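Letter by letter, the chains look like this.
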Amino acid sequence: MDERELARATEALVSRYRSVAPATAPILASRVHVAAYAAYRMPATHAALAKALGAVADRGLAPRSLLDLGGGTGAAAWAAAGVFESLEAVTVLDQVEDALALGRDLVADATSPALSGATFRQARAGAWPDLEADLVTVSYVLSELDPQQQDALVADAMRRGGAVAVVEPGTPDGYARVLRVRTRLIDAGWTLLGPCPHAAECPLAQGDWCHFAARVNRSAEHRRLKGAELSYEDEKFSWVAAAAPGVAEPLVAEALPGRILRHPLKRKGFVEFQVCRPDGTAGREVISRKAGERYRNARDAEWGDVLP
Ligand SMILES: C[S@@+](CC[C@H](N)C(=O)[O-])C[C@H]1O[C@@H](n2cnc3c(N)ncnc32)[C@H](O)[C@@H]1O
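Structure report, in brief. Remember, predicted model here, so these are calculated numbers, not experimental data.

Residues in contact with the ligand amount to 20 residues; listed here are only the nearest, Tyr37, Gly70, Asp94, Ala125 and Ser139. Between a nitrogen atom of the ligand and a main-chain N or O atom of Gly70, the distance comes to 2.8 Å. Each residue belonging to the shell around the ligand can be placed in one class, and the counts come to 11 nonpolar, six polar and three charged.

A few words now on the nonpolar core. The biggest cluster of nonpolar side chains holds 54 residues, and the ones touching the most others in it are Leu53, Val90, Leu135, Val167, Phe237 and Trp239. Looking at this core, the elements that each hand over two or more residues are helix H2 (31–58), helix H3 (75–83), strand E2 (89–94), helix H4 (97–107), helix H5 (113–116), strand E5 (161–169), strand E7 (212–217) and strand E8 (232–243). Element by element, the count of residues in this core is highest for H2, at 11 residues. Among residues more than four places away in sequence, those in contact with Leu135 are Leu53, Leu61, Pro63, Ser65, Leu66, Leu67, Phe84, Ala163, Val164 and Ala165. Grouped together as the second largest cluster of nonpolar side chains are 26 residues, Val138, Leu142, Ala157 and Leu192 included.

So, on to the packing of aromatic side chains. To describe a pair of aromatic rings, one takes the distance between the centres and the angle between the planes. Taken as a whole, this structure holds one aromatic pair when the rule is applied. Relative to Phe237, the ring of Phe212 has its centre 6.2 Å away and its plane inclined at 45 degrees; by these criteria the two rings are tilted. Here the residue Phe212 occupies a position in strand E7, and Phe237 occupies one in strand E8, the gap between them amounting to 25 residues. Here the two residues Phe212 and Phe237 agree in accessibility, since each one is buried. Its end group placed over the ring of Tyr40, Arg41 keeps NZ or CZ at 5.9 Å from the ring centre.

Parameters and conventions
Residues numbered from 1 in each chain as written. Predicted model: local features only at pLDDT ≥ 70, side-chain atom pairs only at ≥ 80, totals over all residues. Heavy atoms only, no water. Near = heavy atom within 4 Å. Polar contact = N/O pair within 3.5 Å; in protein donor to acceptor, adjacent residues only side chain to side chain. Nonpolar A, V, L, I, M, F, W, Y, C, P; charged D, E, K, R; others polar. Core = buried A, V, L, I, M, F, W, Y, C linked by side-chain atoms within 4.5 Å. Buried < 20%, exposed > 50% of the residue type's maximum accessible area, 1.4 Å probe, protein only. Helix = DSSP H or I, 4+ residues; strand = E, 2+ residues; numbered from the N terminus. Contact = heavy atoms within 4.5 Å. Phe/Tyr/Trp six-rings, centres within 6.5 Å; stacked < 30°, edge-to-face > 60°. Lys NZ or Arg CZ within 6 Å of the ring centre and 35° of its normal.

Structural measurements only, silent on function.
Have a look at this one:
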């Protein structure tokens, strides 16, 4: 494929991701756009999903089946296979056949049987095939839909899944979409698996937004396509995951002690955190050397981790 064409398609994707306006045309409009997506965006969506699903795995979820709605080239399938050893069956649904075809090519030589045996099937939101799975992922899709379609997609995911994970760009509007999904899940009696350590109103809803970062190593091709110099980038993302009544109970017996909301400040003799707390508040926590093992864990803790 011509690299100049790929670079132009990458530029179009970059400006699309910087824009807050809803997409008026499909993002993966041609084979070139799909190839550019796989080279430039998929590593980032994969990194975000790996972090979010990793946190879900830490809460004890061990899905055997995954259904990825609007899954494109299969980033969530790769992330889930990397995180959940339990995974046996994967289905990726998307409207764009070119993205699915590339997804099929990518998993052809995967060592995970769940991945190499994954099904990539064309379908449109609102007309998904009648499938169910232990975990349903909806990753970087909501921004392509109007609010009514977003609600319908989340309802579809909840009907089909024992657990649902939604990931969006870590921008104020991505967070706003995630917050809406969070409310929906809580109102339906689902139990949050993360990132929130509580189901009270989000303490960041006024003037701030809950988001996390995943480090993505850039390949030489990735750097060339984006005209970038750094060997890495940090993908900012917002997410929420929850389990249906009946699925959650054996998993989340213990409340999380807190979620780290910013890069911790590691000083001499203490570490300072901004955290979301189980009582529904957000604020500063300091763990000093006197805390012994907790302090040693605090030195290793990162943005997005559970507070030691
Ligand atoms: C930004 S891509 C995200 C792909 C993948 N989930 C990821 O995280 O890398 C958005 C995907 O949503 C799909 N999509 C958007 N609207 C859709 C619809 N109405 N029905 C089915 N798929 C849709 C697009 O085709 C595209 O593959």
